[in-house]
Structure formats: structure tokens, C-alpha cells
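Given next are the chains, with one letter for each unit.
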Amino acid sequence: METKRFRFFILVAFAFLIWSVCGTASDVDEKKVSENSDVNNKLDNEIVLTLAHGMNSAHPVAKGMRFFVDRVKKLSDGKIEIKIFPNEQLGNEVDLTQQVQLGCIDMTKTSASALESFVPEYSVLSLPYLFTDEDHYWNILRGPIGQSILDSGMKYGLKGLIFYDAGARSFYTRKKPILKPKDLYGMKIRTQSSPVAIEMIKVMGGMPTPIPYGDLYTALEEGVVDGAENNIPSLYSSRQYEAVKYYALDEHTRTPDVLMISKLVWEGLPEEARVIILKAANESLDYQIELWKKVSAEDLEKIKKSGVKVLQVDKAPFQKKVHPMYAKYKGTKLGELVKKIQEAQ
């Protein structure tokens, strides 16, 4: 009886917390709608938005968002202010996406992998070896196919603004390198909470172990997992390289990050504000792409100097191993999307 009573009080407290936070956000959103819906779409009133994400401020994607925020302020002559909350201050990627859907938080940045459970179209971007090279990657993401994926989130309450470069993801491990798929057999590999990423590890022969990004350093250090997979700047900026010995550059996926805004908030903004936000987002992407290249090269050298063995691998065996993953998409709407991406090489 005491246990049931305790659970009841916990549920009541949690419900009150959600009501108080989202209730306040809804009040703000209604105020934004009424204040910013003048017929001439002029920025007669100041607009304050929140942007929450899980990265530390030194990461190149975080710096891209800072550039975006600064450009929005400049282009709007200070009328639009975006307050940033980094380092999972307001929750992890899944938490933040849910809050953006509800309008509790205005904007967030998340990996396309984490969006699979919210918007099915994003799942194709996590397929291993989908993109042949960097040119193919950006032709898709900055073209009509990429725009259609960004727009697909509207029916789920999420307006995609832009894709950010998140580089290629490769395996890093504590005790032995991953030079070929069979090296993964019996190894616990941390993955994102992504059905596609989890399936990829299984198909390759490993044991997928979803763990929040903020807990991964400790998980590696204590041997909870044998390894993980991520891009170069994330491996360095998180200091996870301190807990591993090998980094094998198989580059199995190029899954982008996504800058999003709540549909509720977006539709409550005047047209001029939307134009400014989209312009600033595109400018920030140009900046972020160049920054990513520079930081990736620098961070890879730092990782090597730390003592981690960085290894080049033959990608062909990995590509062959994951080929069956594509079969499940044949004859489906998502399969057509995959086909369009592959044919646009």
C-alpha cells in the first residue's frame, strides 16, 4: 500500500511539473502569437526564444549555433534574441525534442538518429554507407530531398531549419581495434537510441548498448561498454579519447545534426522573423561546414598525440556486411526515399 501511495505522489508531482513548465511556455507562445501577428509582418515587438542542446560550447556544432544566434540578433537589429542552454541543462536529445514538440522549449539541435522515433523520414539518414562521399552528402542535404526531410517533421510538431555537419562516425574501443566486422563479435558497443544504429551494430556482429551521451565517458572508463562510435570532434571534445586505445576510421555513417524549431512557435512568428531565422540558419551552416573541417583535422592530430592509435581500415567488408539492412525498405515509402538518395550520386 505504501509503495502504491508513493508512486501516486510521484506521478502527481511529475504531472504538476510538466503542467507548470509547459503551461508557462504555452502562455508565452500565445503572447508571441498575439504580439507578432500584425498584418504588415513587421518586427514591432521584441521576440525572445530559447535554444537548448546537449553539447559543450567548444564543439563546432555548438559554435555553429552560436553564430546562428548572433546572426539572428544582427539581422533583426536586436529585435530577436535567442537564449542558449547547452550541456543538457534542460535535458538530453530525446527530452528536448519532446519539449520542442509541446512548445515548452522553442528550439533544439539533435542528431537525425535521435529523431527516428519522432519523424520516420529521418531514419534513412542513419543507414550505413548511404552517401558515397562528401559532395553526395551535401547535394542531398542542401537540395530538394533534404528540404523534404526537414519539412516532413511539421506533421509531428517539429520544423526542421537546417542540417549541420556531424562528420563521419567510426568505432573507438578500449582493448582491441575494429579492423573488420568480425572484430565486433561479442563486444558491447554504445549506440544512440536509434533503431537503425542498433540494427547496424547487430548486423555487424556486435552487442548494441544504448547509453546517454553524457554517461558514456564513465561507461567507457569503467568497462560497462567495450567501445562506441562517433565523429572526430565529439570524441575529442567529450574527452572520451582518454578512455580508449584505438580509433578505426571505418566511417560507417554520415548522420547529420538537425536544428529545429517548434511548429507551434514557428507558426506564431511573423513572416519577417521566419525569413531572418532561415537566412541566419543557412549562413551558420556555411560557417559551420568550414569550421568542422578545420576542427576535425586539428582534433584528429590531438587524438593521435594523446596515444590513441588511429587506424585506416578497408571499408568494403563493412559495406558488404550491412547491405541486408537496405532490403527491409524495398517497396516502402522510405525505400523510395533511399532510392532517390542513391540515384542522386
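Computed from a predicted model, the values in this text were never measured in an experiment. (Residues numbered from 1 in each chain as written. Predicted model: local features only at pLDDT ≥ 70, side-chain atom pairs only at ≥ 80, totals over all residues. Heavy atoms only, no water.)

Q: It is not clear to me how the side chain of D165 should be interpreted in this structure. Could you clarify?
A: Topologically, D165 is positioned in the loop between strand 4 (158–164) and strand 5 (169–173). Here the side chain of D165 touches G167 through a polar contact of 2.9 Å, landing on its backbone nitrogen. Ignoring any residue separated from it by four or fewer positions in sequence, one finds D165 in contact with V61, Y137, W138, R254, L285, Q288 and W292. (Helix = DSSP H or I, 4+ residues; strand = E, 2+ residues; numbered from the N terminus. Polar contact = N/O pair within 3.5 Å; in protein donor to acceptor, adjacent residues only side chain to side chain. Contact = heavy atoms within 4.5 Å.)

Q: Please explain helix 12 (residues 333–343) as it appears in this structure.
A: Helical geometry note: an α-helix holds 3.6 residues per turn, so side chains three or four residues apart project in the same direction. Those residues of helix 12 that fall on the buried side of the exposure criterion are G335, L337, V338 and I341. All buried residues of helix 12 lie within an arc of 155° about the axis, which places them on one face of the element. In helix 12, the exposed residues that point more than 90 degrees away from the buried face are K333, K340 and E343. In this fold, the buried residues of helix 12 make contact with helix 4 (134–141) and helix 5 (144–152). (Buried < 20%, exposed > 50% of the residue type's maximum accessible area, 1.4 Å probe, protein only. Arc of directions from axis to C-beta.)

Q: Looking at this structure, how should I read the pattern of salt bridges?
A: When their charged atoms lie close together, side chains carrying opposite charge are able to pair. Tallied over the full model, the rule gives 19 salt bridges. One salt bridge in this structure joins K155 and E121, with 3.7 Å as the shortest N-O distance. Of this pair, K155 sits in the loop between helix 5 and strand 4 while E121 sits in the loop between strand 3 (107–111) and helix 4, and the two are 34 residues apart along the sequence. Given the relative accessible area of 12%, E121 is considered buried. As a salt-bridge pair, R169 and E229 come within 2.9 Å of each other at their nearest N and O atoms. Of this pair, R169 sits in strand 5 while E229 sits in strand 8 (residues 227–230); the two residues are 60 residues apart in sequence, bridging distant segments of the chain. Of the two residues, R169 and E229, neither departs from the other in class, the shared state being buried. (Salt bridge = Lys/Arg side-chain N within 4 Å of Asp/Glu carboxyl O.)

Q: Would you take a moment to explain the environment of L115 for this structure?
A: Looking at the secondary structure, you find L115 in the loop between strand 3 and helix 4. On the basis of relative accessibility, which here comes to 0%, the residue L115 falls in the buried class. Residues L115 and L158, 43 residues apart in the sequence, show an inter-C-alpha distance of 9.9 Å. Other than its neighbours up to four places away in sequence, L115 contacts T97, T110, Y122, L158, V258 and M260.

Q: Would you mind showing me how to read the pairing of strand 8 here?
A: On a regular strand, each side chain points to the face opposite its neighbour's, so the side chains alternate between the two faces of the sheet. Residues G227 and E229 point to one face of strand 8 and A228 and N230 to the other, with burial holding for every one of them. When strand 5 meets strand 8, the two strands line up antiparallel, connected through four bridges. Paired with F171 across the bridge in strand 8 is E229. (Pairing = 2+ DSSP bridges.)

Q: Just to check I follow, could you spell out the confidence of the model for the chain for this structure?
A: Regions with low pLDDT carry predicted coordinates that are not meant to be interpreted in detail. Overall, the prediction assigns the chain a mean pLDDT of 88, with 88% of residues at 70 or greater. pLDDT under 50 marks residues 1–21. Its contacts with residues more than four places away, or in other chains, come to three contacts. Note that pLDDT drops below 50 for residues 23–41; the model gives that stretch 23 contacts with residues more than four away or on any other chain. (pLDDT = per-residue confidence, 0-100.)

Q: Help me understand the packing of helix 2 (residues 60–75) against helix 10 (residues 271–305) in this model?
A: To describe two helices that pack against each other, one gives the angle between their axes and the distance between the axes. Where helix 2 meets helix 10, the closest approach of the two axes is 8 Å, and the angle between their N-to-C directions is 150°. As for the relative orientation of helix 2 and helix 10, their crossing is right-handed in sense. Along its contact with helix 2, which presents P60, V61, K63, G64, F67, F68, R71, V72 and L75, the element helix 10 presents I276, I277, K279, A280, A281, E283, S284, Y287, Q288, L291, W292 and V295. Each residue belonging to the contact of helix 2 with helix 10 can be placed in one class, and the counts come to 14 nonpolar, three polar and four charged. (Axes fitted to C-alpha atoms, helices over the stretch in contact; angles between N-to-C directions. Left-handed = near helix turned anticlockwise from the far one by under 90°. Nonpolar A, V, L, I, M, F, W, Y, C, P; charged D, E, K, R; others polar.)

Q: How should the packing of aromatic side chains be read in this particular structure?
A: When we look at a pair of aromatic rings, we describe it by the centre distance and by the angle of the planes. For the structure on display, the rule yields six aromatic pairs. Seen in terms of ring centroids, Y122 and F163 are 6.4 Å apart; in terms of plane orientation they differ by 70°. Their pairing is edge-to-face. Taken together, the residues span a long stretch of sequence, with Y122 in the loop between strand 3 and helix 4 and F163 in strand 4 at a distance of 41 residues. What makes F163 buried here is its relative accessible area of 1%. For the pair Y137 and W138, a centre-to-centre distance of 4.9 Å together with 70° between the ring planes defines the contact as edge-to-face. The pair Y137 / W138 is uniform in exposure class, with both members buried. (Phe/Tyr/Trp six-rings, centres within 6.5 Å; stacked < 30°, edge-to-face > 60°.)

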